[in-house]
2 protein chains.
Amino acid sequence: MDAIKGHEDKSETRAEFVQALEARLGCEIVVTGTDVAVYCRDWHGDIQSDAVAVLRPRSTAEVQDCVRAAIDLGLQVVPQGGNTGLVLGAVPDAPDRQVVVSLERMTKIRSLDADNFSAVVEAGIVLEDLKEKVAQEGLYFPLALGAQGSCRLGGNVATNAGGVNVLRYGMTRELLLGLEVVLPDGSLFEGLNCLRKDNRGIDLKQLFIGSEGTLGIITAVSVKLLPAPEQVATALLALGSLEDAITLYRRARRQCCDLMSAFEFMPPIAFELAKEGMPDLVLPMQAEYPAYVLMELSGSGLVDIDDLMVRFVEFAFEEGLALDGVIATSQAQARNLWLIREGMNEGQAKRGKHLRTDISVPLSRMAEFVSEVEAKIGTEMPDAICVSYGHVGDGNVHLNVLPGSRGDVDEQIYCAKQIANEVLDRYNGSISAEHGIGRLKKDDFSQRLTDVHRRLLESVRSAIDPALTMNRGCQIDL
Amino acid sequence: MDAIKGHEDKSETRAEFVQALEARLGCEIVVTGTDVAVYCRDWHGDIQSDAVAVLRPRSTAEVQDCVRAAIDLGLQVVPQGGNTGLVLGAVPDAPDRQVVVSLERMTKIRSLDADNFSAVVEAGIVLEDLKEKVAQEGLYFPLALGAQGSCRLGGNVATNAGGVNVLRYGMTRELLLGLEVVLPDGSLFEGLNCLRKDNRGIDLKQLFIGSEGTLGIITAVSVKLLPAPEQVATALLALGSLEDAITLYRRARRQCCDLMSAFEFMPPIAFELAKEGMPDLVLPMQAEYPAYVLMELSGSGLVDIDDLMVRFVEFAFEEGLALDGVIATSQAQARNLWLIREGMNEGQAKRGKHLRTDISVPLSRMAEFVSEVEAKIGTEMPDAICVSYGHVGDGNVHLNVLPGSRGDVDEQIYCAKQIANEVLDRYNGSISAEHGIGRLKKDDFSQRLTDVHRRLLESVRSAIDPALTMNRGCQIDL
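Residues numbered from 1 in each chain as written. Chains lettered and ligands numbered in written order. Predicted model: local features only at pLDDT ≥ 70, side-chain atom pairs only at ≥ 80, totals over all residues. Heavy atoms only, no water.

Caption draft 1: Geometry of the overall build of chain A. The number of helices and strands found in chain A is 14 helices and 18 strands. Taking 2.2 N^0.38 as the reference for a compact globule, 478 residues should give roughly 23 Å; the C-alpha atoms of chain A span a radius of gyration of 23 Å, in line with that estimate. Principal-axis analysis of the C-alpha atoms places the extent of chain A at approximately 70 × 60 × 45 Å. When burial is assessed residue by residue, chain A has 60% of its 478 residues classed as buried. Considering only intrachain contacts with a sequence separation of at least 6, the fraction spanning at least 24 residues in chain A is 74%. For chain A, the accessible area works out to roughly 17,700 Å², and carbon and sulfur atoms hold 48% of it. (Helix = DSSP H or I, 4+ residues; strand = E, 2+ residues; numbered from the N terminus. Rg over C-alpha atoms; globule rule 2.2 N^0.38 Å. Buried < 20%, exposed > 50% of the residue type's maximum accessible area, 1.4 Å probe, protein only. Contact = heavy atoms within 4.5 Å. Areas by Shrake-Rupley, 256 points an atom, 1.4 Å probe, with all protein chains shown as cover.)

Have a look at this one:
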């Protein structure tokens, strides 16, 4: 009876909150009822949460209004971009006390300065829209990831997104010139400059990059742009091992200088999974080799990228590293090679629940690391399948594990994760190379923090958000 | 009498401080007396300050001891690397209450992992020593600046140093993988990983980069390394104007992709100043053109850098941008071209006190900006000489002003600075593109801070250093 009473109380409070929010912000901004569900579901569809309401501001001033309204009502704020994150950073975890603030209506390019290779963009723009719009001016925004058709730039900044071009262009952090942020008290940090070099002391914007909405809501971003790569060469090479792939990467780093834009490792099972994920896919070679690398060179102007790729592939054969390979001779062929990479992900999804990791270790120890984890999993879970792939040039591997038919799926996932993390800790690796911490990895993160690190994080977070309004429950518990 | 008494009191206190420091840390660590002076003088020799003592720890643990001793005695700490900064960031300003902690004895390379393109280095290593040591392994640390024979890596990190290769490799911030920092309470932040990608939430090391010693003492650094550029091509091109130089930069950005490593602008007076600075210098061409660009391409392996330079210079002539030019055909010739750039700085120094600026504006407005400032200075100070040069590819110009013979030098410098800053503010530029804030630019910085920005800076600094032990008086007054 008490429990029910408690529940009734909460319902009333939620209704009162909604009423107060609508009165203050207008029904145009406040989403309630069944429309809330889609904002409270994670990207994989594993988790369905709830919130008091979703607020959809159309301008920076409206974001400030939303934050101030939440503060006045004692509500917490969960900032959200495209909600494509993989660690539950934008999924509410206290449905009765949280509002989601979605940036999806703030999608404008405020200015584009082609002569400065920069643009100022609202945080809600979809990454692919930004890439397409700057491409029309002969420019290029290099961030590239699977979710780019849905993810939004503000979320990319808040999670410091990675992707397939990091080895050349860096993480999102390295692609930014400035930020505009609504702070936890509703005030505005105006840091939207477009200067390539600006060294005025402590760079506060760095705090917000990767903070996953815990320090404020990013409302606009100044981005660095580059000349569009007019030439792109793509190759798929078959190799003898992951170790050979890493050796090849090191050679490519020297032979191709800074013109390599992607170097993705795939195991043989990639082809099988890609076929499952995309049955129409035409595979360019049979999976008869232990390892594959999808490599891309790109550039423009006076550099001959096609020629460089041909000479590098020749070099790879001469060195005995490449055993087989194809160079795409058309955009369609290149697209097809990338579809293997994407199809592999879809194929994994079709196999049902599985362990997804996002690990980094020093490049010099990656082959050893993967082989140790795979051997242990092979021993302890003989019918599970390891799918280790990813951005090996960055030392980043997604060492995923598809559970076998024997035993409980969740138990197998837990067991595989424990094995991977135990080895990872001995290699001084990271449990999150690119996805962030969110709510999903909070415990694993917390367990590995030193006291000093934790104290610093707590001090910084309390200094900027003393009332803990912003994304409480994300990254660390305070 | 009171004043003298006060003075005597202070002297006694200083002697007591020294005694206490020696008792606790040992005479091996504590430098006093006349040996202190050199640590309290700025790089240009304009300022001579003083300190209670200079502490010279040999290990991270000894740095912690030094900080704890200072705290216990109520002393403030001024961290110092090579003391080559240009904004008085490492020069004490409260001689009776401050100790300098010099990192000059911590110069070890702790580890070098060629296969991971990384190294872990103590903060006191001289930048050039680091560059030379990694070069022996066929690797490259790209940070390059005039002071590299004296500056120390920890100082480069604390000031987020820039230099001539920023357009390709970024500021110091972008060259780091991890930091070890002794915090203001003497505890140790252990963030020395060597992972290329590590996205575990808020990246605390970013706070220390550019903090100029206000948040702690950087004791060791993990750095990113690259394959050594085996091919370097250098050219000096004569152009019609700064505007043409910027157009040429944009073309080079596209035509040479990511293979351009320097693009330095020089005005005609550069040649005269270089000759004054280095009388033996052989000039490759007469100063008959309005503008010059020193350009460098570099790379390794299968890319033909010399050929690319020849073709780009041809392109620059065809486009009507280059009016004259030389391509270095030997390392000695290339070195000679760079000597013009360095000699120009020495020549300015020989002309005596002058205004030095370190300005950035968007590249799209730089020509307009420089021309507006130079015109105003020409009108108001007809016999002053403007020397505008620098890293134009980054939008960074050192718009220096040599005072004329009429009028007081300091007044002229002040007047020229006011003119430059007034125009700069209208262009939304930065008063410090690469040198930092220190004590020299603190007022100019403070005047331009928004309330929100100031509050954030104060919160962060108080959160990490509540007792204000670290470099009080630097960057902002609290």
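Caption draft 2: Local environment of helix α9 (residues 305–318) of chain A. All names here are of chain A. The terminal C-alpha atoms of α9, which comprises 14 residues, lie 20 Å apart, in line with the 20 Å expected from a rise of 1.5 Å per residue. Residues of α9 that are buried include every one of Ile305, Leu308, Met309, Phe312, Val313, Phe315 and Ala316, and no others. End-on view of α9: buried residues confined to an arc of 155°, all on one side of the axis. Its buried side turned inward, α9 meets β12 (231–239), α7 (242–255), β14 (291–299) and β15 (322–327). In this structure Asp304 caps α9, since a side-chain oxygen of it lies 3.3 Å from the backbone nitrogen of Asp306. Just beyond α9, the residue with positive phi is Gly320, at close to 75°. (Expected span 1.5 Å × (residues − 1). Arc of directions from axis to C-beta. Polar contact = N/O pair within 3.5 Å; in protein donor to acceptor, adjacent residues only side chain to side chain.)

Caption draft 3: Main features of the pairing of strand β5 (residues 109–113) of chain B. Bridging between β5(B) and strand β6 (residues 118–122) of chain B involves four bridges; their strand directions are antiparallel. Bridge assignment links B:Ser111 to a residue of β6(B), and that residue is B:Val120. (Pairing = 2+ DSSP bridges.)

Caption draft 4: Quick look at the relation of the copies chain B and chain A. Note on the copies: chain B fits chain A at an RMSD of 0.0 Å, the axial shift is 0.0 Å, and the rotation between them is 180°. Both chain copies can therefore be described as sitting about a two-fold axis. (Least-squares fit on C-alpha atoms with pLDDT ≥ 70 in both.)

Caption draft 5: Local environment of the packing of aromatic side chains. Residue and element names in this part refer to chain A. Summed over the entire model, instances satisfying the criterion amount to 14 aromatic pairs over all chains. Between Tyr289 and Tyr292, the ring centres sit 6.4 Å apart and the planes meet at 80°, which makes this aromatic pair edge-to-face. With relative accessibility at 0%, the residue Tyr292 sits in the buried group. Feature note: the residues Phe271, Tyr289 and Tyr292 constitute an aromatic cluster, connected by ring pairs. (Phe/Tyr/Trp six-rings, centres within 6.5 Å; stacked < 30°, edge-to-face > 60°.)

Caption draft 6: Up close: the interface of chain B and chain A. In this complex, chain B contributes 90 residues to the contact, which on the side of chain A involves 90 residues. Between chain B and chain A, the buried area comes to about 7,300 Å², and carbon and sulfur atoms account for 61% of it. Together, B:Lys197, B:Asn199 and B:Leu302 form the three largest contributors to the area buried by chain B at its contact with chain A, with a combined 13%. Linking chain B to chain A there are 16 salt bridges. Its salt-bridge partner being A:Arg250, residue B:Asp115 comes within 3.6 Å of it at the nearest N-O pair. Applying the counting rule to chain B against chain A returns 40 residue pairs in polar contact (both at pLDDT 80 or more). Those elements that place two or more of their residues in the side of chain B that touches chain A are α5 (166–169), β9 (188–191), α6 (205–208), β11 (226–227), α7 (242–255), α9 (305–318) and α14 (451–464) of chain B. (Buried area = accessible area lost by both parts, 1.4 Å probe. Salt bridge = Lys/Arg side-chain N within 4 Å of Asp/Glu carboxyl O.)

Caption draft 7: Quick look at the sheet that holds strand β16 (residues 359–360) of chain A. Residue and element names in this part refer to chain A. Read across the open sheet, the three strands follow the order β16-β18-β17; overall the sheet is antiparallel. Edge positions in the sheet fall to β16 and β17 (385–389), since each has one partner strand and no second. Here β17 pairs with strand β18 (residues 396–402) via five bridges, running antiparallel. Following the sheet pairing, Ile385 is matched in β18 by Leu402. Along the sheet, helix α10 (residues 331–350) contacts β17 and β18; its crossing angle with β17, the most-contacted strand, is approximately 150°. In this fold helix α11 (residues 366–380) packs onto β16, β17 and β18, with an angle of close to 10° to the strand it touches most, β18. (Axes fitted to C-alpha atoms, helices over the stretch in contact; angles between N-to-C directions.)

Caption draft 8: Inspection of the side chain of B:Gln255 at higher detail. Position of B:Gln255 relative to the elements: it lies in helix α7. For B:Gln255, a relative accessible area of 14% corresponds to the buried category. With residues near it in sequence (within four places) discarded, B:Gln255 still touches A:Ser300, A:Gly301, A:Leu302, A:Val303, B:Leu308, B:Phe312 and B:Phe315.

Caption draft 9: View of the domain arrangement of chain A. Residues and elements named next belong to chain A. For chain A, the domain assignment lists domain 1 (2–102), domain 2 (109–227), domain 3 (229–350) and domain 4 (354–436). Relative to domain 2, the C-alpha centre of domain 1 lies at a distance of 25 Å. Opposite the 15 residues of domain 1 that make contact, domain 2 presents 18 residues. Looking only at domain 1, the three residues that lose the most surface to domain 2 are Thr60, Gln64 and Pro79, adding up to 33% of its buried area. Taken together, the connections running from domain 1 to domain 2 amount to zero salt bridges. Run the count over domain 1 and domain 2 and you get four residue pairs in polar contact (both at pLDDT 80 or more). Elements supplying a minimum of two residues to the side of domain 1 that touches domain 2: α2 (60–73) and β3 (76–80). (Domains from an automatic or database assignment.)

Caption draft 10: Focus on the packing of helix α8 (residues 269–277) of chain B against helix α10 (residues 331–350) of chain B. Residue and element names in this part refer to chain B. Where α8 contacts α10, the two axes come as close as 6 Å, and the packing angle between them is 75°. Considered as vectors, α8 and α10 are oriented roughly perpendicular to each other. Taking contact as the criterion, the partners of Ala270, Phe271, Leu273, Ala274, Glu276 and Gly277 in α8 are, on α10, Ile340, Gly343, Met344, Glu346, Gly347, Gln348 and Lys350. When grouped by side-chain class, the residues that make up the contact of α8 with α10 number six nonpolar, four polar and three charged. (Parallel < 35°, antiparallel > 145°, perpendicular 65-115°, else oblique. Nonpolar A, V, L, I, M, F, W, Y, C, P; charged D, E, K, R; others polar.)

Caption draft 11: Structural detail: the sheet that holds strand β4 (residues 98–102) of chain B. Residue and element names in this part refer to chain B. The mixed open sheet is built from four strands, whose spatial order is β1-β2-β4-β3. The sheet terminates laterally at β1 (30–31) and β3 (76–80), the two strands that pair on one side only. Across three bridges, strand β2 (residues 53–55) lies against β4 in parallel orientation. Among the inter-strand pairings, Ala53 is bridged to a residue of β4, identified as Val99.

Caption draft 12: Main features of the environment of A:Glu104. Residue and element names in this part refer to chain A. For Glu104, the position within the fold is in the loop between β4 (98–102) and β5 (109–113). Distance from Glu104 to Gly390, taken between C-alpha atoms, is 30 Å for residues 286 residues apart in sequence. Only 2.4 Å separates the side chain of Glu104 from the side chain of Tyr39, close enough to count as a polar contact.

Caption draft 13: Structural context of the packing of helix α14 (residues 451–464) of chain A against α14(B). Their axes nearest at 9 Å, the elements α14(A) and α14(B) cross at an angle of 150°. When the axis of α14(A) is compared with that of α14(B), the two are roughly antiparallel. Regarding α14(A) and α14(B), the two cross each other, and that crossing is right-handed. Between α14(A) and α14(B), the residues in contact are A:Leu456, A:Ser459, A:Val460, A:Ala463 and A:Ile464 and B:Leu456, B:Ser459, B:Val460, B:Ala463 and B:Ile464, respectively. (Left-handed = near helix turned anticlockwise from the far one by under 90°.)

Caption draft 14: Highlighting α10(B). Residues and elements named next belong to chain B. Between its first and last C-alpha, α10 extends 28 Å over 20 residues, near the 28 Å set by a 1.5 Å rise per residue. Maximum bend of α10: about 25°, positioned at Ile340. Burial in α10 covers these residues: Ala334, Leu337, Trp338, Ile340, Arg341, Gly343, Met344, Gly347 and Gln348. Positioned one or two residues after α10, Gly352 has a phi angle of 90°, which is positive. (Bend = angle between axes of the 7 residues up to and from the residue.)

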